[in-house]
Each structure stands twice: as structure tokens, then as C-alpha cells.
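# Coordinate analysis (summary)
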Amino acid sequence: MKNQTLLRFLFLFFATAGVLIAQEVEAPKEMGETTVLFQEQAILPIKLSFSNKEMKKETNDSTYLLSKLIYKNGEQWDSLDVKIRARGNYRRAHCYFPPLKVKIKKAVAKETIFKGNKELKLVMPCVQSSSTQDNVVKEYMAYKIYEVISPYHYKTRMADIEYIEFRGKKNKVHNIKGFLIEDIDKVAKRENCKKMKRTVHPLEQDDVSATQNDFFQYMIGNTDYSTAYQHNQKLLFTADYRTVPLPFDFDMSGLVDASYAVVSQVQGEVLDIESVTDRLYRGFERDEAVFQAVRKHYLDNKDRVFEVIDGLKPQFDNEKEFEIARNFIDDFYKVLVDDKQFNNEIVRKGRTK
């Protein structure tokens, strides 16, 4: 009798564990609302004016430049008073156009499409070259792919930017592509989470969410991240007491393959790859059931991932760049469907420290 009771208990335990893993891998519906700005996905035409030289030299985490954000609202142009600063250490130092942090006062955003967005990030091309415009689309693609994979993601929106650069007596007009990224506060509120400032080792994070993130970084060929040190990652604490990663900044990935991209050496660690287009799995060892559940989740969502990719084809200036990006993601799925490659390239590469 005791043996039968024990067997029933073990059966229920493992059955329940399997169901829980399956449930965790499923991307739940968003708990809160997405702001109007990101509910709409049509490309947003905007205009900005500032001195690029002053932006890179004079702004920091607490110092902003005053500017005016002009945006197209239907058939007419409207404007907002904003504060802007440069962000991103590497791009700020090496790129002609630094990515921007945009601050908008609540009273100013009220009654506009920017309502509810007090802070935004604006990503722009690195240099003044038509070839780098497609890099912006590829980085935007990465954000949109992760939106399919995980409920814990940033909302984004493409923008056509007319940037008037103040250059003394003669201004210069740049017409460039870019995209807006919502603030982490909006992600946390939507998913009923709290932001975490302290570091949490990846092995102490939610198994499934952490592994989803590691698969994604491998998918896009990105090693320029660290969940342990919150490098290009933020952490959220969920209502059911789980710690989950929130990745961002994918310009150093093999998917984007920017001209300035180098193999990352986070915390001085030298990696055994020569190019950002060489994939290297940087996730940690996990239970085999977690690896297989996340693998299945990616395969189940393959069609949705390629819907995102194919939907962005019209945004590319160079069709060859689109095909390269598409094939790069397709190569990831070839690894997933092949048991031998999956074990050799992902499972056996799991880190222990």
C-alpha cells in the first residue's frame, strides 16, 4: 500500500513538473496595455534638430539638450518639447549618429500619441552611409523576433527621421531610418513585474526564461551580453517570484553584422570565435527537459518568426542584405532540427561558470 502511494506521488510530481515547464514556455498574453505609440506599427515620420557635436560632448546621464520632436499625426505635423541626450558607450564613441535617450514631460505628452511614455530610446544608423541603413532594420528585426519568443520584451516602432544637424552657419539635413524603444518601466507595468537593480546569477534566474534568452542570443549570433553583470540586459522580478532577463542592444550581433562589430569580451573574457557571424552558445547548463522544452518552443514558433522577417523585407534598401539576414536565422533553425548539431552546438556548450 505504501509503495502504491509512493508511486502515485512520484507520477503526479513528474507529470505536474512537465506541465509546469510546458506552461512556462508558452508566451502568455500581455497583462497590461501597450501605449498608443506602440499599438500602431506604421512607420512614424519624425523630425529632430540639434548639434551632433554638442550632443556627444555635452550630454550624460543627468545632462540633456532641449529640443523639439516634430512628428506626423495622420495628415498633419505636430510637435513636442523634449529633452535628449546621447546613450550607449560604444556607439557614442565610435558612431557619427549616437543612439538617443528622449525625455518627455507627462503634461506635454498628454493628449498625444506619446501619452504614457516619459522616456524613450531612439536608435539611429551608426555612420553616414546608405549601407548602414539596413543595419537599423536588422536590429529592429531582432527586437521583433524576441517579441514572438518571450512576453518579457520591449515594444518598438520604426521611424523615418529627418535630422537637421546644426553645423554653425550651415546646417545639414540627414534622412535616416531609426526606431523607438519603450522604457523598461512600461514593460514592467505591462507584465506586472518589478525592475531589479541587483545582479542575479543566471543559474538563479528562471530556467525557462533565461534559456529562451540564451537561445535567442545564439540565434542572432550575439555574445555582447551578460545577464550576470546586466550588460545589455535588465532583470525583472515577476509576480510569481521569478527573475527573468530583458535583453536589448543587438548591434554587435552577427544578424546585424555592423562594420564596427567585434567579438565581445565581456569582463575581459576572450571567446573562441573570430567573427560576430560565428555563433557561440553562451548559456549555462540546464536540465535536459528545459533545453528540449525551449527547443520545441522555438520550433513551434518558427513560422511566426519568419512572418516577422518577411514582413520587414520592404524596409530594406538592399535586397541582398535581407536575404543574408533571413538565411542567418534559417541556419539557426537547421541546428535546432538536427539532434546531433543541437547537442554539439548548444547542449554541450552549456557553461558551468
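Before reading further, recall that the structure is shown in the block above.
The structure contained in this document is the topic of the report that follows.

What counts and what doesn't
Residues numbered from 1 in each chain as written. Predicted model: local features only at pLDDT ≥ 70, side-chain atom pairs only at ≥ 80, totals over all residues. Heavy atoms only, no water. Helix = DSSP H or I, 4+ residues; strand = E, 2+ residues; numbered from the N terminus. Buried < 20%, exposed > 50% of the residue type's maximum accessible area, 1.4 Å probe, protein only. Contact = heavy atoms within 4.5 Å. Pairing = 2+ DSSP bridges. Axes fitted to C-alpha atoms, helices over the stretch in contact; angles between N-to-C directions. Phe/Tyr/Trp six-rings, centres within 6.5 Å; stacked < 30°, edge-to-face > 60°. Lys NZ or Arg CZ within 6 Å of the ring centre and 35° of its normal. Parallel < 35°, antiparallel > 145°, perpendicular 65-115°, else oblique. Nonpolar A, V, L, I, M, F, W, Y, C, P; charged D, E, K, R; others polar.

Before going further, it helps to spend a moment on the side chain of asparagine 213. Looking at where asparagine 213 falls in the secondary structure, it is placed in helix α8 (residues 207-219). The class of asparagine 213 is buried, set by a relative accessible area of 0%. Excluding anything up to four places from it in sequence, asparagine 213 contacts Tyr146, Tyr225, Thr227, Gln233, Pro245 and Pro247.

Spatial strand order, β1-β2-β3-β4-β5-β7-β6: 7 strands in a closed barrel with mixed pairing. When the angles between neighbouring strand axes are averaged without regard to direction, this sheet yields 40°. Bridge count between strand β1 (residues 44-50) and strand β2 (residues 65-73): 2 bridges; the pairing is antiparallel. Across the sheet, lysine 47 pairs through a bridge with isoleucine 70, a residue of β2. Sitting on the sheet, helix α6 (residues 133-149) is in contact with β5 (119-123), β6 (156-165) and β7 (172-182), with an inclination near 10° to β7.

We now examine the environment of isoleucine 113. Tracing the backbone through its elements, the reader meets isoleucine 113 in the loop between α5 (106-109) and β5. Given the relative accessible area of 18%, isoleucine 113 is considered buried. Put simply, isoleucine 113 and phenylalanine 328 are 215 residues apart on the chain and 35 Å apart in space, counted from C-alpha to C-alpha.

For any pair of aromatic rings, geometry is given as the distance between the ring centres together with the angle between the planes. By the definition in use, this model includes 22 aromatic pairs. On the basis of an interplanar angle of 90° and a centroid distance of 5.9 Å, the ring pair of phenylalanine 215 and tyrosine 281 is categorised as edge-to-face. With phenylalanine 215 in helix α8 and tyrosine 281 in the loop between β10 (243-247) and α9 (288-300), the pair connects residues that are 66 residues apart, well separated along the chain. Look at tyrosine 218 and tyrosine 281: their rings are 6.1 Å apart centre to centre, the planes differ by 70°, and that puts the pair in the edge-to-face class. With a gap of 63 residues between them, tyrosine 218 in helix α8 and tyrosine 281 in the loop between β10 and α9 connect regions that are remote in the sequence. This pair shows no difference in class: tyrosine 218 is buried, exactly as tyrosine 281 is. An aromatic cluster is defined as three or more aromatic residues linked by ring pairs; in this entry it consists of Phe215, Tyr218, Tyr281, Phe291, Tyr298, Phe306, Phe332, Tyr333 and Phe342. The ring of tyrosine 64 carries lysine 83 above its face, with NZ or CZ at 5.7 Å from the centroid. Across from the ring centre of tyrosine 154, 5.8 Å away, lies the NZ or CZ of lysine 121, which sits over that ring.

Let's shift gears to the pairing of β5. For β5, a buried count of 4 out of 5 residues is recorded, marking the element as mostly surrounded by other parts of the structure. Sheet topology note: the strand β4 (residues 100-103)/β5 ladder contains 4 bridges and is antiparallel. The partner of lysine 103 across the bridge, within β5, is glutamate 119. Relative to β7, β5 is paired through 4 bridges, and the arrangement is antiparallel.

Here we come to the packing of α8 against helix α11 (residues 319-337). Here α8 crosses α11 at 125°, and the two axes come no closer than 9 Å. With respect to each other, α8 and α11 are oriented oblique. Contacts from Phe215, Tyr218 and Met219 of α8 reach α11 at Phe328, Ile329, Phe332, Tyr333, Val335 and Leu336. When the residues that make up the contact of α8 with α11 are grouped by side-chain class, the tally is 9 nonpolar, no polar and no charged.

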